[in-house]
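What follows is each chain in one-letter form.
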Amino acid sequence: MHVQEHVPLRDLTTLKIGGTARYFVSVATVEELADAVSFARAQKLPLVILGGGSNVLVADGEIEAVVVKIDIRGIEWGYRGTDAEQEHARPPKPQRRRGTNTELVVAGAGENWDEIVAESVRRGLWGIENLSGIPGTIGAAPIQNIGAYGAEIKDVLEWVEVFDTTTGRTRKLPNADCCFAYRDSIFKHRDGQALLVARVALRLSKDGAPNLTYADLSRCFTQSMFSNSVRPRTIAKPALVAIRRAVLQIRGKKFPDLAQFGTAGSFFKNPIIPKEQYDELKEKYPDLPGFKLKVNSQKLMVKVPLAWILDNICGLKGFRKGNVALFERQPIVLVNLGGASAADMQTFAADILRQVKEKTGIDVEWEVQCIH
Ligand code: EPU
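Per chain, the residues get numbers from 1 upward, laid out in the order the sequence is written. Two thresholds apply to this predicted model, a pLDDT of at least 70 for residue-level local features and 80 or more for giving and counting side-chain atom pairs, whereas whole-chain, interface and lining totals are computed over all residues. Water and hydrogen atoms play no part in the side-chain values, which are based on all heavy atoms of the structure.

### As for the overall build of the protein
Move 1: Here a helix means four or more residues in a row that DSSP labels H or I, a strand means two or more in a row labelled E, and each is numbered from the N terminus. Helix and strand counts for the protein stand at 8 helices and 22 strands.
Move 2: With respect to the three principal axes, the spread of C-alpha positions in the protein is 65 × 55 × 40 Å.
Move 3: Throughout, exposure labels follow a simple rule: accessible area from a 1.4 Å probe, protein chains only, divided by the maximum for the residue type, with under 20% read as buried, over 50% as exposed, and the rest as partly exposed. Counting across all 372 residues of the protein, residues that qualify as buried make up 49%.
Move 4: In this analysis, two residues are considered to be in contact whenever any of their non-hydrogen atoms come within 4.5 Å of each other. Long-range pairs, those at least 24 residues apart, make up 67% of the contacts in the protein with a sequence separation of at least 6.
Move 5: One finds the centroid of the 49 positive side-chain charges in the protein at a distance of 6 Å from the centroid of its 43 negative side-chain charges. Charged residues are defined narrowly, with Lys and Arg counted positive, Asp and Glu counted negative, and His plus the chain ends left uncounted. Where a charge lies is defined by one atom per residue type: Lys uses NZ, Arg uses CZ, Asp uses CG and Glu uses CD.

Rendered as structure tokens:
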């Protein structure tokens, strides 16, 4: 384990913001991760885990912590498991997955997410094609339950191998124990704070079906048979590779180029509000979109696109202050136009959320995680 001091973190994040780490260590194995945990304890400093740095805002100045960059690698396609695992293996639940002819892929937490998606598409494995183009590592993916175009990692995740800092052991956390919800999991809460992701297992399907529930995506596969036809024709089963291409194309139009701007994708979560509150807003703003969901199978809630609110209610699309702006094509995305500090970003974000609160009464949460 090679510990470095006062290491700049800015270039390890996609927002291109942040100060230095008091201590910094990159770990390639679970043993090295355990050593880093012991080192932090000895220094009486908190441990901060960094994956691809694509969903974090690192504070300015020095971070008084041991920052651990997870570089645990290795991908096993068609993972069969250890003998003990095979003995205890439950038969796959066909209703949870599309298709029953499945294959497990197990990847070290430091592997790049999109490379795994690209390879699964090449291998004809279904399940994560809608999640194409998301930056970051596979280890970070279950933490915020990454989702896009009608899919979430929770739909295919079999288990997460975690290093438990309280016991000093690794263990497998099955999907049901990860408490997945919209951009949420056990790892973001107290119960999961001691659990560091080491490996992730996904169950992909060899005979899956396209998931074209998201309007932006289904539109890509609807075409007129004749140019003057009034009835559009839907391509029954687009190929995996075509779905990936379509998702990348949609993302390319909506998200800023990482090489050009500092960004962390959606900076905020889409708010989930009680149906009554939604109905009131809808009276005032009849075009306000909303997606009904049942949270904890009790109350009827509605998920509202924040981008729509920022654009149509707050009139903030493209809004800019100094070097921070709401991206002109997708206002839920904040961009660092160059040289912005974490404080600039925080002030800007607070200002936006204050305006949303004033106009709609809605409290919005950050999706991006703060490192300070
Ligand atoms: N809209 C506007 N004006 C705009 C842009 C969008 O009014 O300028 C409205 C449209 O009505 C549109 C709606 O906002 O239908 C939603 O926009 P979009 O489909 O782009 O999705 P989103 O809700 O803004 C979410 C995720 C993204 C994910 C996309 C696609 C969150 C916080 N964000 O964005 O995830 O890629 O859906 O599924 O849930 C991320 O989490 O970092 C992320 C990028």
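### As for the packing of helix H3 (residues 113-122) against helix H5 (residues 240-254)
Move 1: Note on method: axes are straight lines fitted to C-alpha atoms, helices fitted across the in-contact stretch only, with angles between N-to-C directions ranging 0 to 180 degrees. Between H3 and H5, the shortest axis-to-axis distance is 9 Å and the interhelical angle comes to 150°. Classified by the interaxial angle, the pair formed by H3 and H5 is roughly antiparallel. For the pair formed by H3 and H5, the contact residues are Asp-114, Val-117, Ala-118 and Val-121 on the first element and Leu-240, Val-241 and Arg-244 on the second.
Move 2: Classes in brief: Ala, Val, Leu, Ile, Met, Phe, Trp, Tyr, Cys and Pro nonpolar; Asp, Glu, Lys and Arg charged; the others, Gly included, polar. For the contact of H3 with H5, the class distribution of residues is 5 nonpolar, no polar and 2 charged. We call two directions roughly parallel when the angle between them is under 35 degrees, roughly antiparallel when it is over 145, roughly perpendicular when it lies between 65 and 115, and oblique otherwise.

### Overview of helix H1 (residues 30-43)
Move 1: For a helix, the expected span equals 1.5 Å multiplied by the residue count minus one. With 14 residues, H1 should reach 20 Å at 1.5 Å per residue; the first-to-last C-alpha distance of 20 Å fits that figure.
Move 2: The complete set of buried residues in H1 reads Val-30, Leu-33, Ala-36, Val-37, Phe-39 and Ala-40.
Move 3: Structurally, H1 contributes buried residues whose contacts are with strand E2 (20-27), strand E3 (47-50), strand E5 (62-70), strand E10 (157-164), strand E11 (169-174) and strand E12 (195-205).
Move 4: One or two steps after H1, the chain reaches Lys-44, where phi turns positive at roughly 55°.

### Topic: the packing of helix H7 (residues 306-313) against helix H8 (residues 342-360)
Move 1: H8 packs onto H7 with a crossing angle of 80° between their chain directions and a minimal axis gap of 11 Å. Considering their axes alone, H7 and H8 lie roughly perpendicular with respect to each other. Across the interface between the two elements, Leu-306, Ile-309, Leu-310 and Ile-313 of H7 pack against Ile-352, Val-356, Lys-359 and Thr-360 of H8.
Move 2: Among the residues making up the contact of H7 with H8, the classes are represented as 6 nonpolar, 1 polar and 1 charged.

### Let's talk about the packing of aromatic side chains
One pair of aromatic rings is described through two measures. These are the centre distance and the angle between the planes.
Move 1: Aromatic rings from Phe, Tyr and Trp, with only the six-membered ring used for Trp, were paired whenever their centres fell within 6.5 Å, and each pair was classed as stacked if the ring planes differed by under 30 degrees, edge-to-face if by over 60, and tilted otherwise. Summed over the entire model, instances satisfying the criterion amount to 7 aromatic pairs.
Move 2: Here the aromatic rings of Tyr-23 and Phe-39 are separated by 5.1 Å at their centres, their planes lie at 85°, and the arrangement is edge-to-face. Remark: Phe-39 occurs in helix H1 and Tyr-23 occurs in strand E2; sequence separation between them is 16 residues. With respect to burial, Tyr-23 and Phe-39 carry one shared label: buried.
Move 3: Relative to Trp-159, the ring of Tyr-79 lies with its centre 5.9 Å away and its plane at 70°, an arrangement referred to as edge-to-face. Taken as a pair, Tyr-79 in the loop between strand E6 (75-77) and helix H2 (83-88) and Trp-159 in strand E10 lie far apart in primary sequence, 80 residues in all.
Move 4: Given a relative accessible area of 13%, Tyr-79 falls into the buried group.
Move 5: One residue, Arg-22, lies across the ring of Tyr-23, its end atom 4.3 Å from the ring centre.
Move 6: The rule is short: NZ of Lys or CZ of Arg within 6 Å of the ring centre and within 35 degrees of the ring normal puts a charge over the ring. Taking the ring centre of Trp-159 as reference, the NZ or CZ of Lys-172 above it sits at 4.7 Å.

### Re the site of the ligand
Move 1: Put simply, a residue is near a molecule or strand once any heavy atom of it comes within 4 Å of that molecule or strand. The ligand sits among 26 residues. The nearest are Tyr-149, Tyr-182, Tyr-214, Gln-330 and Glu-367.
Move 2: In the environment of the ligand, an oxygen atom lies 2.9 Å from a nitrogen or oxygen atom belonging to the side chain of Arg-183.
Move 3: Here an oxygen atom of the ligand and a side-chain polar atom of Asn-270 are 2.8 Å apart.
Move 4: Looking at the shell around the ligand, the elements with two or more residues in it are strand E8 (147-148), H5, strand E15 (262-266) and H7.
Move 5: Examining the composition of the shell around the ligand, we find that 4 residues originate from one element, H7, more than from any other. Polar contact criterion, stated in full: a pair of N or O atoms within 3.5 Å, where within protein one must be able to donate a hydrogen and the other to accept it, and residues adjacent in sequence count only if both atoms are side-chain atoms.

### What to know about the pairing of E5
Move 1: Relative to E5, E2 runs parallel, the two sharing 7 bridges. Across the sheet, residue Val-25 finds its bridge partner in E5, namely Val-68.
Move 2: Pairs of strands are assigned from DSSP output, requiring at least two bridges between the strands. In this sheet, E5 lies alongside E3 in parallel orientation, the contact comprising 4 bridges. Opposite Ile-49, over in E5, you have Val-68 as the bridge partner.

### Some thoughts on the sheet that holds strand E16 (residues 272-274)
Move 1: Taken in spatial order, the 3 strands make up an open sheet running E16-E18-E17, and their pairing is antiparallel. Each end of this open sheet is capped by a strand with a single partner; those strands are E16 and strand E17 (291-295). On average, each strand axis in the sheet is tilted by 45° relative to the strand beside it, whichever way the strands run.
Move 2: The pairing of E17 with strand E18 (residues 299-303) spans 5 bridges and is antiparallel. The residue of E18 that forms the bridge with Lys-294 is Leu-300.

### Thoughts on the side chain of Asp-114
Move 1: Here Asp-114 is to be found in helix H3.
Move 2: Judged by its relative accessible area of 18%, Asp-114 is buried.
Move 3: Here the side chain of Asp-114 touches Arg-244 through a polar contact of 2.9 Å, side chain to side chain.
Move 4: Beyond its immediate stretch of four places on either side in the chain, Asp-114 contacts Ser-132, Gly-133, Ile-134 and Arg-244.

Function cannot be read off these values alone, since they describe shape.
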